[in-house]
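# Chains, contacts and geometry: an overview
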Amino acid sequence: MAEEKTETQLLRESIMMEEKKSKKLNAEIIAEADEFCEGYKIFLDKSPVEREAVEYSLELAKSRGFVEFNPEAEYAPGDKVYYVNRGKAVALAVIGKNGVKNGARLAIAHIDSPRIDLKPNPLYESNDLALFKTHYYGGLKKYQWTAIPLTLHGRIIKLDGSAVDVIWGDEPDESCFCVTDLLPHLAQEQAAKPMAKAFTGEDLNVLVGSLPLDGADDEKELVKLNVMKILNEKYGITENDFLSAELCLVPSFKAKDIGFDRSMIGGYGHDDKVCAYPALAAALDADTPESTCITYLTDKEEIGSDGNTGMQSDFLRYFIYDLAKLDGVEGYRAVSKSTCLSADVNAAFDPTYASAFEAKNSCFINGGVVISKYTGHGGKYDTSDASAEYMGKIRSLLEKNGIVWQIGELGRVDLGGGGTIAKYVANMNVDVIDLGVPVLSMHAPFEIVSKTDVYMAYRAFYEFFMQK
Ligand code: MN
Ligand code: MN
């Protein structure tokens, strides 16, 4: 027979916060999460850079009935449209019963990830080796990008305006590239330097060739010439064509399950494809919502959201204006009544680096989808601090639908910080809060997330879209 609870126990149960969210995970949730994440791993592998993420998202969307948006067309509830911004960002909308008269429901994630871009004049030869000069993109710990296999992705625009898409190094039998590092035997001086000085941005030179051109009748830079000849034969480009190109080096790793229990996924670019995919899947599954729901996959978040494909551009605002016009309402009214989940990752508590976190307010692997009321740095600078009212609404929504969730601050106060697109959305006069997936080793070439957290992110975006 069960012992009767004491008065203190009853009081504690009724008014104190329950601990250990992971107790809410069960075999059914874990099985659903495993299945959902098989699709995510494919998305991750197909989307190392933003252009590819847009292409694969469109492939999935078209297969589910999405058609290109036409501002002059009429739309009925349940219609599904996509609207592409310069091949690097895409909005996917499902028209709601009320259209955007009561605002739109927005889920916004970014599809760019930290990486190494080529400089406009990349190719050079030094001591009989051919190398690329690079300029890193986003926040990198540079040493992490040395001595790992790298793949080249991007687009070159030739003088005649034609485009050449480059993917080199993805297939198992293809060659790849690498940033070299100094052997430990000779690294005494390097090892004594602070980390930021031991490896600089100008040291991120990528090895791309070592053989001189066969049968040459002079000795001038024959390794470089040989590399250029290979590129000319494969892509029809000359060295000048690098001037109008966007070429990125990304890790060659494919997504892979982590742990004896296969509970986690390691891969490149979880930040922020791990939120982009659940937000995309929620839009694909949203069937005639009350209000029009929009998943927007944006670019340039890792470098401050500036530029016409970043969240500071007016692209999404103008898209909502177009939808509002169809509903006969003022665009600014539709924007102002919209609500948003800013879908981005947070730093999962890492026991190896426990002192960087404040455990009571950190998010944890398998703790569920993480809500960050604010990000920023110092005294809450450079962030949108969501209101108690909006936080309350989202909290109720998650609880009502049995979604496992947790709260998370990015590390301990004054240690550093970071931001998301939330503040740019908030500046549009929209209620917004960050909701996403906890990540270990964020911004490393191989980041880690848990499958149940990814699945809970999907459930959160879906219920947000389908709310009455
Ligand atoms: Mn991010
Ligand atoms: Mn990031």
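Everything here concerns the structure above.
Residues numbered from 1 in each chain as written. Chains lettered and ligands numbered in written order. Predicted model: local features only at pLDDT ≥ 70, side-chain atom pairs only at ≥ 80, totals over all residues. Heavy atoms only, no water.

## Examining helix H2 (residues 27-46)
For H2, with 20 residues, the first-to-last C-alpha span of 29 Å sits near the 28 Å given by 1.5 Å per residue. Of all the bends in H2, the greatest, near 25°, is centred on Cys37. When H2 is considered as a whole, its buried residues turn out to be Ile29, Ala33, Phe36, Cys37, Tyr40, Lys41, Phe43 and Leu44. Against helix H3 (50-63), strand S12 (256-258), strand S13 (264-267), helix H7 (270-285) and helix H12 (451-466) lie the buried residues of H2. (Helix = DSSP H or I, 4+ residues; strand = E, 2+ residues; numbered from the N terminus. Expected span 1.5 Å × (residues − 1). Bend = angle between axes of the 7 residues up to and from the residue. Buried < 20%, exposed > 50% of the residue type's maximum accessible area, 1.4 Å probe, protein only. Contact = heavy atoms within 4.5 Å.)

## Quick notes on a nonpolar patch on the surface
Taken together, Leu11, Ile15 and Met16 make up a surface patch of nonpolar side chains, about 340 Å² in accessible area. Structurally, Leu11 can be placed in helix H1 (residues 7-15). Here Leu11 falls in the exposed class, since its relative accessible area comes to 51%. (Patch = residues over 30% accessible without salt bridge, like charges linked within 9 Å, V, L, I, M, F, W, Y side chains within 5 Å. Areas by Shrake-Rupley, 256 points an atom, 1.4 Å probe, with all protein chains shown as cover. Salt bridge = Lys/Arg side-chain N within 4 Å of Asp/Glu carboxyl O.)

## Some points on the layout of surface pockets
What the largest pocket holds in volume is close to 1,300 Å³. Forming the walls of the largest pocket are 44 residues, and the residues nearest its centre are Ala347, Leu410, Gly411, Gly417 and Met442. Those elements that provide at least two residues to the lining of the largest pocket are strand S16 (346-347), strand S18 (376-377) and strand S20 (417-418). Here the lining of the largest pocket is composed, by residue class, of 16 nonpolar, 17 polar and 11 charged. (1 Å grid on protein atoms, 1.4 Å probe; cavity = no way out; pocket = protein on both sides within 12 Å on 5 of 7 lines; lining within 4 Å. Points joined across faces, edges and corners; volume = space filled by probe spheres on them. Nonpolar A, V, L, I, M, F, W, Y, C, P; charged D, E, K, R; others polar.)

## A closer look at the coordination of the manganese ion (ligand 1)
Surrounding the manganese ion (ligand 1) are the protein donor atoms His110 (NE2), Asp271 (OD), Asp344 (OD) and Asp344 (OD), at 2.1 to 2.7 Å. Here the donor residues of the manganese ion (ligand 1) share one chain and are spaced in sequence as H-x160-D-x72-D. A distance of 3.4 Å spans the gap from the manganese ion (ligand 1) to the manganese ion (ligand 2), which Asp271 bridges by coordinating each metal. Taken together, the positions of His110 in strand S4 (residues 105-110) and Asp344 in the loop between strand S15 (339-342) and S16 put the pair 234 residues apart, joining distant regions of the chain. Residue classification places His110 among the buried positions, given a relative accessible area of 1%. Among the residues examined, Asp344 registers a relative accessible area of 7% and is labelled buried. (Donors = N, O, S within 2.8 Å, 3.2 Å for Na, K, Ca; no water.)

## Regarding the packing of H7 against H12
For the pair H7 and H12, interaxial distance at closest approach is 8 Å and the crossing angle is 40°. Judged by the angle between their axes, H7 and H12 are oblique. Crossing of H7 against H12: the hand is right-handed. On H12, the residues touching Val274, Cys275, Pro278, Ala279, Ala281, Ala282, Ala283 and Asp285 of H7 are Val454, Ala457, Tyr458, Phe461, Tyr462 and Phe465. Here the residues of the contact of H7 with H12 sort into 13 nonpolar, no polar and one charged. (Axes fitted to C-alpha atoms, helices over the stretch in contact; angles between N-to-C directions. Parallel < 35°, antiparallel > 145°, perpendicular 65-115°, else oblique. Left-handed = near helix turned anticlockwise from the far one by under 90°.)

## Details of the sheet that holds S13
Taking strand neighbours across the sheet as the criterion, the three strands line up as S12-S13-S23 in an open arrangement whose pairing is antiparallel. The sheet is open, and its two borders are formed by S12 and strand S23 (447-450), each paired with just one other strand. Strand-to-strand twist in this sheet, taken as the mean axis angle between neighbours without regard to direction, amounts to 35°. Pairing of S12 with S13, which is carried by three bridges, proceeds in the antiparallel orientation. By the bridge assignment for S13, Ile258 is matched with Met264. Taken strand by strand, H7 contacts S13 and S23, and its axis lies near 30° from that of S23. (Pairing = 2+ DSSP bridges.)

## Notes on the packing of aromatic side chains
Counting across every chain of the model gives 22 aromatic pairs. Centroid distance Trp145 to Tyr268: 6.3 Å. Interplanar angle 90°. Geometry classified as edge-to-face. Taken as a pair, Trp145 in the loop between strand S6 (129-137) and strand S7 (150-157) and Tyr268 in the loop between S13 and H7 lie far apart in primary sequence, 123 residues in all. You can call Trp145 buried: its relative accessible area is 0%. Since its relative accessible area comes to 6%, Tyr268 is described here as buried. (Phe/Tyr/Trp six-rings, centres within 6.5 Å; stacked < 30°, edge-to-face > 60°.)

## Let's talk about the environment of Leu207
Inspection of the secondary structure assignment puts Leu207 in strand S10 (residues 206-209). Sequence-wise, Leu207 and Ala334 are 127 residues apart; in three dimensions their C-alpha atoms are separated by 51 Å.

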